Amino acid sequence: MGDETANRGAFAIQEHYCRTMDAPIYAAICAAVAADLTRATTVGARLLDWPGEPTRDALPLRFIGGLHALVLAGADDELARVFAGEADDISPVLERVLAEHEAALLPWLDGPPQTNEPGRSAALMCGLMEVARRHGPRIEVLEIGSSAGLNLLIGRYGFDLGGTHVGPADARIVLRPDWTGPAPEPVALELVAARGCDIAPMDAAHPAVATRLAAYVWAEKPERMARLATACDMVREQRVRVDRADAADWLEARLAKPQDAGVTRVLMHSVVWQYLPADSAARVRAAMDAAGARATAERPLGWVMMEPNRATAHRVMRVMSWPGHAEPVILGTSHAHAAWINYGASDAGEGIALPTSGHVWT
């Protein structure tokens, strides 16, 4: 169960993450909540009395998504100045906004943020390239926690990964993360299929959904907003398949389907693991272990993930595959939205102190 100290602490932790990831406006909002939020409003009381583990639940991002939605809707000029970095004292603005916009803000606390960031495909592509290097070029992607499926467009994006170019030459979105470390060696790669699931999938082709996704984009990052709009257009042009399902139920069913010879089936996910119920996470691991034991050179299996080390605020890029590579290998670390990638980094080093329940293990 949460308590006020832990819940304020979650905003302090998120402040650290935002400063680490060059998002000073969001850091300032988190700092104001951690220091000054009161129970004078229904929203404030709900935040301070949050019953779950607030860091794993991404409570600060739920709340700030709701605030940003108000700004994008033009609902509060003073709050818009906060999001533009033009407010000297944030706390009084927030107290007023929480009182005046209670009905609009409360629903944003009901579910985890669906930050369906296309930029994360750059980190995931590093993992897919490693799988192709081990097992051959033809890959079938299965993604859990797909949200609106924007990372299922990975085969239609272009990439410049430290000078290594991947993807179609005419791609509408080309991802060029700031790069540290050696570039990955070029490798032939063909995505023959991509399909995903989410417990609450979103249709990015719908304008209201695109607006909701935009609310989860940090206001300091206009390039992300433009990229999101283009990705939503790409979904309208050619749909992606995102099934409504529990991750474990869906993965077990997909792994039970016959696999084409010469195709590597790959489980892929990014910043999803913390939201899985413990029993679902255990079943996903068990399903992959069992499928890995059945994998052959003709029908291999891979697992590519980009999940957080919440202490360092880095996302860790891991890959494992069967047969022959059952132990996870860290390919490097990345920014939360893959604005930068440190290829070859081990993610060693000190970070912010977290409660045990706030750690995410994959």
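See the structure above.
Residues numbered from 1 in each chain as written. Predicted model: local features only at pLDDT ≥ 70, side-chain atom pairs only at ≥ 80, totals over all residues. Heavy atoms only, no water.

Asker: Can you explain the overall build of the protein? Please cite residues and give values.
Answerer: Assigned secondary structure in the protein consists of 12 helices and 12 strands. Relative to a compact globule of 362 residues, whose C-alpha radius of gyration would be 21 Å, the protein shows 20 Å and is just as compact. With the C-alpha coordinates of the protein rotated into their principal frame, the extents come out at 65 × 45 × 40 Å. In the protein, which comprises 362 residues, the share counted as buried stands at 55%. Sequence separation of at least 24 residues holds for 73% of the intrachain contacts in the protein that already meet a minimum separation of 6. Within the protein, one finds 34 positive and 45 negative side-chain charges whose respective centroids are separated by 7 Å. (Helix = DSSP H or I, 4+ residues; strand = E, 2+ residues; numbered from the N terminus. Rg over C-alpha atoms; globule rule 2.2 N^0.38 Å. Buried < 20%, exposed > 50% of the residue type's maximum accessible area, 1.4 Å probe, protein only. Contact = heavy atoms within 4.5 Å. Lys, Arg positive; Asp, Glu negative; His and termini not counted. Charge placed at Lys NZ, Arg CZ, Asp CG, Glu CD.)

Asker: Let's hear about the nonpolar core: which residues, and what values?
Answerer: Judged by nonpolar contacts, the single largest core of 47 residues is most densely connected at Leu128, Leu150, Tyr157, Phe159, Leu161 and Leu213. Considering every element that reaches this core, the biggest residue donor is helix H8 (residues 121–135), with 9 residues. Setting aside anything within four residues of it in sequence, one finds tyrosine 157 in contact with Pro118, Ser121, Leu150, Val166, Gly167, Pro168, Ala171, Ile173, Leu175, Ala231 and Met234. Grouped together as the second largest cluster of nonpolar side chains are 41 residues, Val43, Leu94, Val97 and Leu98 included. (Core = buried A, V, L, I, M, F, W, Y, C linked by side-chain atoms within 4.5 Å.)

Asker: Explain the side chain of threonine 264 residue by residue, including any values.
Answerer: Inspection of the secondary structure assignment puts threonine 264 in strand E8 (residues 264–270). For threonine 264, a relative accessible area of 1% corresponds to the buried category. When residues no more than four places from it in sequence are discounted, the contact partners of threonine 264 are Val131, His135, Arg138, Ile139, Glu140, Gln259, Pro300, Leu301 and Gly302.

Asker: With reference to specific residues and values, describe helix H6 (residues 90–100).
Answerer: Looking at H6, one finds that the buried residues are Ile90, Ser91, Val93, Leu94, Val97 and Leu98. Take H6 and look down its axis: the buried residues cluster within an arc of 155°, on one side only. (Arc of directions from axis to C-beta.)

Asker: Talk me through the packing of helix H9 (residues 207–215) against helix H10 (residues 222–237); I want residue IDs and the actual numbers.
Answerer: Across the interface, H9 lies against H10 with an axial gap of 10 Å and an inter-helix angle of 150°. With respect to H10, the element H9 is oriented roughly antiparallel. The hand of the H9/H10 crossing is right-handed. Where H9 approaches H10, its residues Pro207, Ala210, Leu213 and Ala214 are matched on the opposing element by Met225, Leu228, Cys232 and Arg236. Looking at the contact of H9 with H10, its residues break down into 7 nonpolar, no polar and 1 charged. (Axes fitted to C-alpha atoms, helices over the stretch in contact; angles between N-to-C directions. Parallel < 35°, antiparallel > 145°, perpendicular 65-115°, else oblique. Left-handed = near helix turned anticlockwise from the far one by under 90°. Nonpolar A, V, L, I, M, F, W, Y, C, P; charged D, E, K, R; others polar.)

Asker: With reference to specific residues and values, describe the packing of helix H1 (residues 4–20) against helix H4 (residues 59–72).
Answerer: H4 packs onto H1 with a crossing angle of 80° between their chain directions and a minimal axis gap of 9 Å. As the angle between them shows, H1 and H4 are arranged roughly perpendicular. Taken together, the residues of H4 that come into contact with H1 (itself represented by Ala10, Phe11 and Gln14) are Leu59, Pro60, Leu61 and Phe63. Its residues placed into classes, the contact of H1 with H4 shows 6 nonpolar, 1 polar and no charged.

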